[in-house]
Each structure stands twice: as structure tokens, then as C-alpha cells.
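Fold and contact review
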Amino acid sequence: MKKAVSIILAVIFLALIVTTTGCSRKTPELTDDFALKQDACIGAAAWGMSKDEVRKLLGSRYALTDYSAFEEADSIMIEEIPFLGERPAAIFLFTKAETAGSPEQLIGITTVFPEESDKTSLAGKVSAVLGEIETTGVQLSGNKYDLAEENRFWHSKESVWEALNEAGKQAATEALAESTKDVREIDGDYAAWWFSQKYLTTARFEETPRFEGLCLSLSGEGYLMVRKLNNLP
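Fair warning: this is a prediction, and the values are worked out from it, not measured in the lab.

Observations regarding the packing of helix H5 (residues 166-179) against helix H6 (residues 188-196)
Close contact between H5 and H6 brings their axes to 10 Å; oriented N to C, the two are set at 95°. Classed by the angle they form, the pair H5 and H6 counts as roughly perpendicular. In this structure, H5 contributes Ala172, Thr173 and Leu176 to the contact, and H6 contributes Tyr190, Ala191, Trp194 and Phe195. Per-class residue counts for the contact of H5 with H6 are six nonpolar, one polar and no charged.

Shown next as C-alpha cells:
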């Protein structure tokens, strides 16, 4: 069920995500330490940056490699960065451009730590910036339940639903109803619960056969979703 929910949300996001157009923005200077920020991004990178912007930001100081392990997203990798007191690899993930000439957008960053890295120590460093890790979930009924350890995560204070304006909430409800029309009917209460369980930004440890070593996955998916649903550039 959890896997199906994740798949449905991913489908919704991929159907909704748009690329930024028009105005240009100044690329910030690269920081030396790749510090974890409260929005779960790192260093001078920002969610929604184009692939070219990230290349410009990092390319003069670090060797960037196009990375193909993530078939669902465009990505570039730096083999080693200073982060949380360690030297993990960093993979920057971008939404794929939907139309010719439109930019990709930074949606996630996966950091892959050496196998000997201590998860408890790293978790403490993440919590020092993002707050305590989430250990409970909330059912539609309002009842809470304990998350399995592998499903625990850090998240922004604001949920996707809280960040939506009235037009955005309507668009979110309609998009969710369309994506699940063959599964169940969706009303406003269900949509409010669904998007209240999704956050602007998240961070979580993951185990994946793609890599050896501990992975910390940082995501700005909710942030980009809100910008689309609220019809922001």
C-alpha cells in the first residue's frame, strides 16, 4: 500500500511539474563546506535551480559527471564533497525537461557516505539542523501510528497542503482525483489529509542496491509541487 501511494504521488508530481521560464536570476557563490540548510538543500544550491545553474555553481571547483543510475531523473554527480563532517559523493537530481528548450529543475540530492560512516552520528547532525526526526504518521481518521524505523524522516514544518492557496488546493484535489479515479473517489477531506502528509522538503536515510554505503536523500519535491499548484513561476 505504501509503495502504491508513493507511486501515485510521483505520477501526480510528474504530471504537474513545470519548468521555469522568463526571468534570469543571479547564481550565488559556492560555499566551501556544503552545509545542510533548514530547507534540506545544501551549500549554495537551491530547489528549482536548473541543471545549467548547478553546473555553473559547482563546475569551476568540482568535477561533475553525468550520472545514469536514476532513470526517472536527470542527474549529475560529484564524487566527494565536504558534508556533515564526512566526504560523501553527491548526486544532484533534476526533473526531466518536458519540452524542448525548457530547463530541468533541481528536485533532490542524494549523498552516499562511506560504508564505515556512523548512522547515529550523522542522524544527530541532521537533527541539529532540521529538527527531530518524524516517528509517527496520521491516518485519515486522525489516529496516529508509529512509523517503522526505515520509514522515519525529517521534514519541513509546513506541509504541502498548508502552503497551498485556495486555487492551489482546488488544483491539488482535482489532480489527486484524476490520478486515483480507477482506485477510489476523492473528496476535499481526503485531499486535505493526503497533502498534509506531504511536506515542502524532506530528508531520510535510505538503503538502495544502487550504492554501497549509507545514503541520505534530500528532497524539494513538495516545494516544486506547491509552486506549480499555486501557479507560481
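Considering the pattern of salt bridges
Side chains that differ in sign of charge can pair as their charged atoms come close. If you walk through the whole model with that rule in mind, you get two salt bridges. The partner of Arg87 in a salt bridge is Glu80, with the nearest N and O atoms 3.3 Å apart. When its relative accessible area of 42% is taken as the criterion, Glu80 is described as partly exposed. The salt bridge involving Lys181 is made with Glu178; its shortest N-O contact spans 2.8 Å. The class for Lys181 is exposed, based on a relative accessible area of 54%. Judged by relative accessible area, Glu178 falls into the partly exposed class, the value being 48%.

A short note on the side chain of Lys51
With respect to the secondary-structure elements, Lys51 resides in helix H2 (residues 51-58). Judged by relative accessible area, which is 12%, Lys51 ranks as buried. For Lys51, the contacting residues outside a window of four places in its chain are Asp66, Asp74, Ser75, Ile76, Phe94 and Glu104.

Examining H2
Looking only at H2, the buried set comprises Lys51, Glu53, Val54, Leu57 and Leu58. With its buried residues spanning 160° around the axis, H2 presents them on a single face. Summarising the geometry of H2, the exposed residues directed more than 90 degrees from the buried face are Asp52 and Lys56. Of the surrounding secondary structure, the elements contacted by the buried residues of H2 are strand E1 (65-66), strand E2 (74-78), strand E3 (89-95) and strand E4 (105-112).

Brief notes about the nonpolar core
Ile42, Phe83, Phe92, Leu106, Leu216 and Leu218 are the most contacted members of the largest nonpolar core, which has 34 residues in total. Ranked by residue count, the leading element in this core is helix H3 (residues 119-130), at four residues. Those residues in contact with Ile42 that lie beyond four places of it in its chain are Phe34, Ala35, Leu36, Lys37, Ile81, Phe83, Phe92, Ile109 and Leu218. Residues Val160, Leu164, Leu200 and Leu229 belong to the second largest nonpolar core, which totals 16 residues.

Cut-offs used in this document
Residues numbered from 1 in each chain as written. Predicted model: local features only at pLDDT ≥ 70, side-chain atom pairs only at ≥ 80, totals over all residues. Heavy atoms only, no water. Axes fitted to C-alpha atoms, helices over the stretch in contact; angles between N-to-C directions. Helix = DSSP H or I, 4+ residues; strand = E, 2+ residues; numbered from the N terminus. Parallel < 35°, antiparallel > 145°, perpendicular 65-115°, else oblique. Contact = heavy atoms within 4.5 Å. Nonpolar A, V, L, I, M, F, W, Y, C, P; charged D, E, K, R; others polar. Salt bridge = Lys/Arg side-chain N within 4 Å of Asp/Glu carboxyl O. Buried < 20%, exposed > 50% of the residue type's maximum accessible area, 1.4 Å probe, protein only. Arc of directions from axis to C-beta. Core = buried A, V, L, I, M, F, W, Y, C linked by side-chain atoms within 4.5 Å.

The values reported here are purely geometric and, on their own, carry no functional implication.
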